[in-house]
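Breakdown of the fold
So you can see what is in the structure, the chains are spelled out below.
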Amino acid sequence: MRIGRAFHRDAQTYLVHVFGRGLEGDRYVIEKYRSDSDGQIHPVETERPVTKGRRSKRRTVMSAGAVAKLRPERDEIIVCTALNLKASGIQLYGIAASGLGAARHAR
């Protein structure tokens, strides 16, 4: 017997992992990743402002209110790390990226 994935198109299921002090900070650095069906995770290039004469890429920074409204896609992982609090923030996992709906083989 096999248990398969049964996702509904209108389902908004995602997993939230709060670490440190969570969303107590003011500003957060946002990093997005995409998971493949084989379990590999790859960073997603976000739309960033054009840098003028700077060598490093600019980070995507959002306020705590904007972070609270973020919703990951089914195969997306969003990592939000606080700028002013050490090791604090949240991680948002889409249902396919979390592995909760992974096909398992029952014996």
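Above this text you will find the structure in question.
This structure is a prediction, so every number in the text was calculated from the model and none was measured.

Reading the values: the criteria
Residues numbered from 1 in each chain as written. Predicted model: local features only at pLDDT ≥ 70, side-chain atom pairs only at ≥ 80, totals over all residues. Heavy atoms only, no water. Helix = DSSP H or I, 4+ residues; strand = E, 2+ residues; numbered from the N terminus. Buried < 20%, exposed > 50% of the residue type's maximum accessible area, 1.4 Å probe, protein only. Contact = heavy atoms within 4.5 Å. Areas by Shrake-Rupley, 256 points an atom, 1.4 Å probe, with all protein chains shown as cover. Core = buried A, V, L, I, M, F, W, Y, C linked by side-chain atoms within 4.5 Å. Pairing = 2+ DSSP bridges. Salt bridge = Lys/Arg side-chain N within 4 Å of Asp/Glu carboxyl O.

Quick look at the overall build of the protein
Of the regular secondary structure elements, the protein holds 2 helices and 8 strands. Along the protein, from the amino end to the carboxyl end, the secondary structure elements read β-β-β-β-β-α-β-β-α-β. Across the 107 residues in the protein, those meeting the buried criterion constitute 24%. Of the contacts made within the protein by residues no fewer than 6 positions apart, 63% connect residues no fewer than 24 positions apart. When the accessible surface of the protein is summed, it comes to about 8100 Å², and 49% of that surface belongs to carbon and sulfur atoms.

Here's the deal with the nonpolar core
Tyr28, Ile30, Val67, Leu70, Ile78, Cys80, Ala82, Leu85, Ile90 and Leu92 together form the largest nonpolar core, which totals 10 residues. Going through the elements one at a time, β3 (27–35), β6 (76–82) and β7 (89–94) are the ones with two or more residues in this core. When residues of this core are assigned to their parent elements, the largest contribution, 3 residues, is made by β6. Non-local contacts of alanine 82, meaning those with residues more than four positions away in its chain, are made with Arg27, Tyr28 and Ser88.

Remarks on the environment of glycine 20
Within the element layout of this structure, glycine 20 appears in the loop between β2 (14–19) and β3. Residue glycine 20 is classed as exposed on the basis of its relative accessible area of 62%. When the C-alpha positions of glycine 20 and glycine 89 are compared, they lie 6.5 Å apart, and in sequence the two are 69 residues distant. Beyond its immediate stretch of four places on either side in the chain, glycine 20 contacts Ala87 and Ser88.

Quick word on the pairing of β7
Among the 6 residues in β7, 5 count as buried, and that is most of the element. With 6 bridges joining them, β2 and β7 adopt antiparallel strand pairing. Residue valine 18 lies in a different strand from β7, and its bridge partner there is isoleucine 90. Bridge analysis of β6 against β7 gives 5 bridges, and the strand direction is antiparallel. Counted as the bridge partner of isoleucine 77 is tyrosine 93 from β7. Counting the residues that bridge the hairpin from β6 to β7 gives 6 residues, and of these alanine 87 lies at a positive phi of roughly 55°.

Considerations on the environment of glycine 99
Examined against the element boundaries, glycine 99 turns out to sit in the loop between α2 (95–98) and β8 (104–105). Separated by 62 residues in sequence, glycine 99 and serine 37 have C-alpha atoms that sit 9.9 Å apart.

Describing the pattern of salt bridges
The final tally for this structure, using the stated rule, is 3 salt bridges. Between glutamate 24 and arginine 21 there is a salt bridge, and its shortest N-O distance comes to 3.0 Å. The exposure class assigned to glutamate 24 is exposed, which follows from its relative accessible area of 52%. Residue classification places arginine 21 among the partly exposed residues on the basis of a relative accessible area of 49%. Of the charged contacts, one joins arginine 34 and aspartate 75 as a salt bridge, the two residues approaching to 2.8 Å between their closest N and O atoms. Remark: aspartate 75 occurs in the loop between α1 (64–68) and β6 and arginine 34 occurs in strand β3; sequence separation between them is 41 residues. A single salt-bridge network, built from bridges that share partners, covers Arg34, Glu73 and Asp75.

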